[in-house]
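Observations on the three-dimensional arrangement
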Amino acid sequence: MEPGKYSVGLDIGTTKIVAIIGKENEYGKIEVLGIGKSKSLGVHRGVVNNITQTIKSIQQAVEEAEAASGLKISSVVVGIAGQHIRSLQHSDYITRPDSEQVINEDDVDILVNQVYKLIMLPGEEIIHVLPQEYKVDGQAEIKEPIGMYGGRLEANFHVVVGQVSSIKNVGRCIKSAGLDLGSITLEPLASANAVLSQEEKEAGIALIDIGGGTTDVAIFKDGIIRHTAVIPFGGNVITEDIREGCSIIEKQAELLKIKFGSAWPGENKDNEIVSIPGLRGREPKEITLKNLSKIIHARVVEIIEQVYMEIKNYGHEDQKKKLIGGIVLTGGGSQLKHLKQLVEYITGMDTRIGYPNEHLAGDSDQDIASPLYATGVGLLMNAIETNAKNKAVALEAKEEAEEIAAVENVSAGETDNKQEEANETAPKKEVKIERKSIFEKWSDKLKDFLDNAE
């Protein structure tokens with residue numbers, strides 16, 4: 001299969017690195033061709049802190065995916081998250097020189113580029129400028145201003161900011177692993193694409209992706225992303241608490257959490273006990289499940305309260321901003337028993353677990369439909385979309401070149417009339433210039449930087 005026919009999403013997480021190869025089938029669903037997974041050793045709370053280890057883990061996941069699919073991976077779409085990501089709301093405006101002309105895409109671009117010039121803290125860079133709604137000459141709540149008349153164009157923006165060095169480190173790891181960086185996507189947005197429906201985004205919904213090192217929050221309302229946040233706690237801190245609270249090793253703590261862990265202490269009776277083998281020559285340890293769930297409960301409540309604070313910061317309590325769809329939990333941490341009930345109890349909002357199976361082909365492996373792979377599937381969807389766009393642009397350019405060549409080949413000895421006839425019979429095609437999204441433009445800038453940095 002040629003490289004253009006399939007796409008690859010690479011999820012660089014704190015606990016695991018996942019590479020998923022897939023393509024779109026004739027029904028518009030995603031067919032997963034191969035998946036590779038490796039333990040993530042050089043990432044802490046979503047940020048690369050050991051480049052050599054991260055490169056090794058990426059290569060291992062990629063090799064596994066290649067072996068499973070029999071295909072060669074060259075370019076990947078990668079996700080960024082981590083505690084360095086923050087977001088803010090910003091309003092800006094431009095005064096147009098001629099209000100008799102309709103507003104066009106260039107005006108919107110000028111306004112967006114103006115936001116990119118905002119001064120951030122040292123070492124930070126704006127990585128995403130998402131227009132919310134526009135105002136034209138004071139007329140509010142306009143979703144699409146192009147084609148309207150007006151002198152003053154104003155907009156509210158959701159601005160996502162990240163640490164420059166952290167983003168460049170991810171790019172450096174991809175290049176050093178022998179791969180091309182297709183594009184970069186914010187991980188909460190990738191997870192949202194995989195597990196949320198358009199109706200939910202319209203109604204208003206908070207996506208909570210509980211990973212190993214971080215918990216990502218993405219809030220949608222009226223089909224637009226309204227708020228994003230990264231909380232620097234995830235499943236790993238729960239494991240750490242169990243390890244310290246029960247005085248056992250990390251591997252045992254992780255197994256205890258997965259097999260017997262519950263977020264609701266009332267579920268376990270006092271006489272339910274699990275025995276943990278002691279270290280060499282030592283007595284086994286007995287741990288009551290009630291104590292285990294108390295340790296888990298304390299940390300989970302802390303994470304949920306921070307998430308709920310982000311939902312309140314967005315303005316959920318305001319009637320106009322109410323999130324009718326409630327909360328969707330996804331990511332590996334969402335598989336903790338009774339978590340859904342605890343989230344509903346603390347926030348009072350409807351909650352469901354998000355599985356990325358809505359966009360997958362019917363015969364997909366059951367494992368891939370786990371919340372664990374929500375970000376990976378979302379990145380794969382993004383890769384497929386980017387590939388399709390690039391192909392369309394390339395095809396259009398090729399057809400245009402062929403047409404020009406055909407016209408130029410008309411022999412010079414022919415009369416002007418014949419020349420005119422040839423021009424008339426040549427199929428005329430309106431050339432559409434594919435406009436890149438702001439995030440794609442930013443990805444290109446980052447790729448150029450990485451190519452030139454040595």
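Our next topic: the overall build of the chain. If you tally the helices and strands in the chain, you get 12 helices and 18 strands. Relative to all contacts within the chain whose residues are 6 or more apart in sequence, the contacts with residues 24 or more apart total 67%. About 23100 Å² of surface is accessible on the chain, with carbon and sulfur atoms providing 50% of the total.

The next subject is the nonpolar core. One finds Leu10, Ile12, Ile58 and Ile174 to be the most contacted residues of the largest nonpolar core, which totals 55 residues. Counting residues in each nonpolar core, the second largest holds 39 residues, with Leu292, Ile304, Tyr308 and Leu336 among its members.

Here we come to unusual backbone geometry. Its identity as a non-glycine residue notwithstanding, Asp137 has a phi of 50°, on the positive side. Tracing the chain through its elements places Asp137 in the loop between strand S8 (124-136) and strand S9 (139-142). Positive phi values are uncommon outside glycine, yet Asp222 reaches one of about 55°. Along the polypeptide, Asp222 turns up in the loop between strand S13 (215-221) and strand S14 (224-231).

What follows concerns the side chain of Ser166. Tracing the chain through its elements places Ser166 in helix H3 (residues 164-176). Leave out the neighbours within four places in its chain, and Ser166 touches Val47 and His84.

Where S8 lies against strand S10 (residues 152-163), 10 bridges are found, and the strand directions are antiparallel. Paired with Pro131 across the two strands is Phe157, which belongs to S10. Pairing of S8 with S9 involves two bridges; the strand directions are antiparallel. The partner of Val136 across the bridge, within S9, is Gln139.

One open sheet accounts for four strands, arranged S7-S10-S8-S9; its pairing is antiparallel. The open sheet has two free edges, formed respectively by strand S7 (86-95) and S9, since each of these has just one partner strand. Strand-to-strand twist in this sheet, taken as the mean axis angle between neighbours without regard to direction, amounts to 40°. Contacting S7, S8 and S10, helix H2 (residues 105-116) runs over the sheet at an angle of about 130° to S7.

On to the packing of helix H6 (residues 235-246) against helix H8 (residues 289-314). When two helices pack together, you describe them by how their axes are tilted relative to each other and by the distance separating the axes. Contact geometry of H6 with H8 gives a least axis separation of 9 Å together with a crossing angle of 145°. H8 is crossed by H6, and the crossing has right-handed handedness. Of H8, the residues touching H6 (which contributes Val237, Ile238, Asp241, Ile242, Gly245 and Cys246) are Leu292, Ile295, Ile296, Arg299, Val300 and Ile303. Here the residues of the contact of H6 with H8 sort into nine nonpolar, one polar and two charged.

What follows covers helix H9 (residues 339-347). When we look at burial in H9, the residues that qualify are Leu339, Leu342, Val343 and Thr347. Along H9, the residues classed as buried sweep out an arc of 110° about the axis, all on the same side. Where H9 is buried, its residues meet strand S12 (205-210), H8, strand S17 (326-330) and strand S18 (351-353). Phi turns positive, to about 70°, at Gly348, one or two residues after H9.

Mean pLDDT over the chain stands at 86; residues scoring 70 or higher make up 89%. Highest mean pLDDT in the chain belongs to S17 (96); lowest belongs to helix H11 (residues 416-425) (54).

Below, the discussion takes up the environment of Gly204. Within the element layout of this structure, Gly204 appears in the loop between helix H5 (198-203) and S12. Between the C-alpha atom of Gly204 and that of Leu323, which follows or precedes it by 119 residues, the distance is 4.1 Å. Those residues in contact with Gly204 that sit more than four places away from it in its chain are Phe220, Lys221, Leu323, Ile324, Gly325 and Gly326.

Summarising the element assignment, Ile35 is placed in strand S3 (residues 30-39). When the C-alpha atoms of Ile35 and Ala68 are compared, they prove to be 6.7 Å apart, with 33 residues separating the residues in sequence. Ignoring any residue separated from it by four or fewer positions in sequence, one finds Ile35 in contact with Val18, Ala19, Ile20, Glu64, Ala65, Ala68, Ile368 and Tyr373.

So, on to the pattern of salt bridges. Counted under the stated rule, the structure contains 14 salt bridges. When the shortest N-O distance is used, the salt bridge between Glu254 and Lys257 registers 3.5 Å. In this pair, Glu254 and Lys257 are both assigned in helix H7 (residues 250-260), three residues apart and thus about one turn of the helix distant. Here Glu254 falls in the partly exposed class, since its relative accessible area comes to 29%. Look at Lys257 and you get buried, because its relative accessible area is 13%. Arg299 is the partner of Glu302 in a salt bridge, and the nearest nitrogen-oxygen pair spans 3.0 Å.

Reading the values: the criteria
Residues numbered from 1 in each chain as written. Predicted model: local features only at pLDDT ≥ 70, side-chain atom pairs only at ≥ 80, totals over all residues. Heavy atoms only, no water. Helix = DSSP H or I, 4+ residues; strand = E, 2+ residues; numbered from the N terminus. Contact = heavy atoms within 4.5 Å. Areas by Shrake-Rupley, 256 points an atom, 1.4 Å probe, with all protein chains shown as cover. Core = buried A, V, L, I, M, F, W, Y, C linked by side-chain atoms within 4.5 Å. Buried < 20%, exposed > 50% of the residue type's maximum accessible area, 1.4 Å probe, protein only. Pairing = 2+ DSSP bridges. Axes fitted to C-alpha atoms, helices over the stretch in contact; angles between N-to-C directions. Left-handed = near helix turned anticlockwise from the far one by under 90°. Nonpolar A, V, L, I, M, F, W, Y, C, P; charged D, E, K, R; others polar. Arc of directions from axis to C-beta. pLDDT = per-residue confidence, 0-100. Salt bridge = Lys/Arg side-chain N within 4 Å of Asp/Glu carboxyl O.

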